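The residues making up each chain are set out below.
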Amino acid sequence: MKKVSVIGAGNVGATTALLVAERELADVVLVDIVEGMSQGKGLDMAEAAPIDRFDAEVKGTSDYSEIGGSDIVVVTAGLPRKPGMSRLDLLQQNAAIVGEVSGNIARYAPASIVVMVTNPVDVMTYHAWKITGFPHNRVIGQAGVLDSARFATFVSFELGISVEDISAMVLGGHGDEMVPLPRYTTVSGIPITELLAAGTIDRLIERTRKGGSEIVGLLKTASAFYAPAAAATQMVETILKDKRRILPCSAYLKGEYGIDDVYIGVPVKLGINGVEEIVELKLTQSELTLLQNSAKVYKEGIASLQQ
Ligand SMILES: NC(=O)c1ccc[n+]([C@@H]2O[C@H](COP(=O)([O-])OP(=O)(O)OC[C@H]3O[C@@H](n4cnc5c(N)ncnc54)[C@H](O)[C@@H]3O)[C@@H](O)[C@H]2O)c1
């Protein structure tokens, strides 16, 4: 059995742990700094196994040595947003947490692949890459799978069409300047630009960009977690099963799309080695400008972290 550790047993972490175990993708170790929280949730999930009939172990702990031998470590430790906050407002506090977590990953699970979820995710992925010292293909951020799912949901609501036939593509950083790509968002292969008026698409893009804030505004004391956990689990499954799917993920760029030394959302081929290839789409000049502008925001985030 493969092994996946999830750091942070809060809303996203616990939901991810349960999804990974229920699908029997791996045995799961759930780690949290709050004593008893991961142990309690881990035991509770283990007690769901006889009902839901899954043969995966789930164990909660606050002892990092238990993550040893993990194939993947999903990092969800950190503060979520409150209403009115941007993801970048979390930067300094979450950098301290992610720094500590990354040091432990490097020490106890040196061969693992890191899937970063903590926000601001593009900057935190860069931070974890630096601190672990892992090759960049083994440190990947989750954002694009979620943002694309949100775009697909809104297209489905608008057209009254099954989500199963919708394939959406959202690039760029996980923030207000993300880059939804209507030309690459299709319903059974038909670009939505042939199915929806330009004004309608603009409205759906705006709702996608603000998708996280919409949920924070409704929940008030928490941020989204069901779809984020589903997105992280899809990345885990793709890696463990070496599916080599093309998914939008926050990946390290070295000149691709004219962007250098930053983690940002781009389509990647995801497999057993993590990011196996960065896929370079033929973007229009305006799409490319949006992506490059998005990258600039996160470069500034990285710079403020290094100060
Ligand atoms: N990338 C994305 O698409 C995406 C989506 C949703 C949430 N997020 C982010 O994921 C993070 C977690 O969100 P959540 O809703 O699960 O928050 P949460 O508050 O429910 O859970 C966070 C957990 O982290 C734990 N924690 C804090 N410091 C720790 C440490 N040093 N070591 C281990 N555990 C520690 C806390 O005790 C808590 O249980 C937030 O930063 C949030 O913004 C990202």
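Residues numbered from 1 in each chain as written. Predicted model: local features only at pLDDT ≥ 70, side-chain atom pairs only at ≥ 80, totals over all residues. Heavy atoms only, no water.

1. Quick word on the overall build of the protein
When helices and strands are tallied, the protein shows nine helices and 14 strands. Its C-alpha radius of gyration of 18 Å places the protein within 12% of the 19 Å reference for a compact globule of 307 residues. Principal-axis analysis of the C-alpha atoms places the extent of the protein at approximately 50 × 45 × 40 Å. Counting over 307 residues, the protein shows a buried share of 54%. (Helix = DSSP H or I, 4+ residues; strand = E, 2+ residues; numbered from the N terminus. Rg over C-alpha atoms; globule rule 2.2 N^0.38 Å. Buried < 20%, exposed > 50% of the residue type's maximum accessible area, 1.4 Å probe, protein only.)

2. What to know about the sheet that holds strand β7 (residues 166–167)
Reading across from one edge, β7-β10-β11 is the order of the three strands in this open sheet, with antiparallel pairing throughout. At either margin of the open sheet sits one strand with a lone partner, and together these are β7 and β11 (190–191). Relative to strand β10 (residues 186–187), β7 runs antiparallel, the two sharing two bridges. For Ser-167, the partnering residue across the bridge sits in β10 and is Thr-186. (Pairing = 2+ DSSP bridges.)

3. Section: the pattern of salt bridges
Tallied over the entire structure, the rule returns nine salt bridges. With its nearest N and O atoms 3.2 Å apart, the salt bridge here joins Arg-203 to Glu-158. One end of the pair, Arg-203, is in helix α6 (residues 198–209); the other, Glu-158, is in helix α5 (residues 144–159), with 45 residues separating them in the sequence. The exposure class assigned to Glu-158 is partly exposed, which follows from its relative accessible area of 34%. Asp-242 is the salt-bridge partner of Arg-244, the closest N and O atoms lying 3.2 Å from each other. (Salt bridge = Lys/Arg side-chain N within 4 Å of Asp/Glu carboxyl O.)

4. Structural notes on the packing of aromatic side chains
Evaluation of the coordinates by the stated rule reveals eight aromatic pairs. The interplanar angle of 35° and the centroid separation of 4.5 Å between the aromatic rings of Phe-225 and Tyr-226 together place this pair among those described as tilted. Given the relative accessible area of 62%, Tyr-226 is considered exposed. Look at Tyr-252 and Tyr-263: their rings are 5.6 Å apart centre to centre, the planes differ by 55°, and that puts the pair in the tilted class. Here Tyr-263 lies in strand β13 (residues 260–271) and Tyr-252 lies in strand β12 (residues 245–254), a separation of 11 residues in the sequence. Taking relative accessible area as the criterion, Tyr-263 reaches 0% and is therefore assigned buried. Grouped by ring-pair contacts, the aromatic residues Tyr-126, Trp-129, Tyr-252 and Tyr-263 constitute a single cluster. Here the guanidinium or amino end of Arg-138 rests over the ring plane of Phe-134, the centre of that ring lying 4.5 Å away. (Phe/Tyr/Trp six-rings, centres within 6.5 Å; stacked < 30°, edge-to-face > 60°. Lys NZ or Arg CZ within 6 Å of the ring centre and 35° of its normal.)

5. Things to note about the site of the ligand
Taken together, the neighbourhood of the ligand is formed by 29 residues, with Asn-11, Val-12, Asp-32, Leu-79 and Gln-142 sitting nearest. The separation between an oxygen atom of the ligand and a polar main-chain atom of Asn-11 is 2.9 Å. Within the contact set of the ligand, an oxygen atom lies 2.7 Å away from a backbone nitrogen or oxygen of Leu-79. About the coverage of the ligand: the protein hides 90% of its 870 Å² of free accessible area. Judged by the proximity of its atoms to the pocket grid, the ligand belongs to the largest pocket. Elements represented by at least two residues in the shell around the ligand include exactly α1 (11–22) and α3 (91–108). Of the residues assigned to the shell around the ligand, the class counts are 17 nonpolar, 10 polar and two charged. (Near = heavy atom within 4 Å. Polar contact = N/O pair within 3.5 Å; in protein donor to acceptor, adjacent residues only side chain to side chain. Areas by Shrake-Rupley, 256 points an atom, 1.4 Å probe, with all protein chains shown as cover. 1 Å grid on protein atoms, 1.4 Å probe; cavity = no way out; pocket = protein on both sides within 12 Å on 5 of 7 lines; lining within 4 Å. Sits in = over half its atoms within 2 Å of the grid points. Nonpolar A, V, L, I, M, F, W, Y, C, P; charged D, E, K, R; others polar.)

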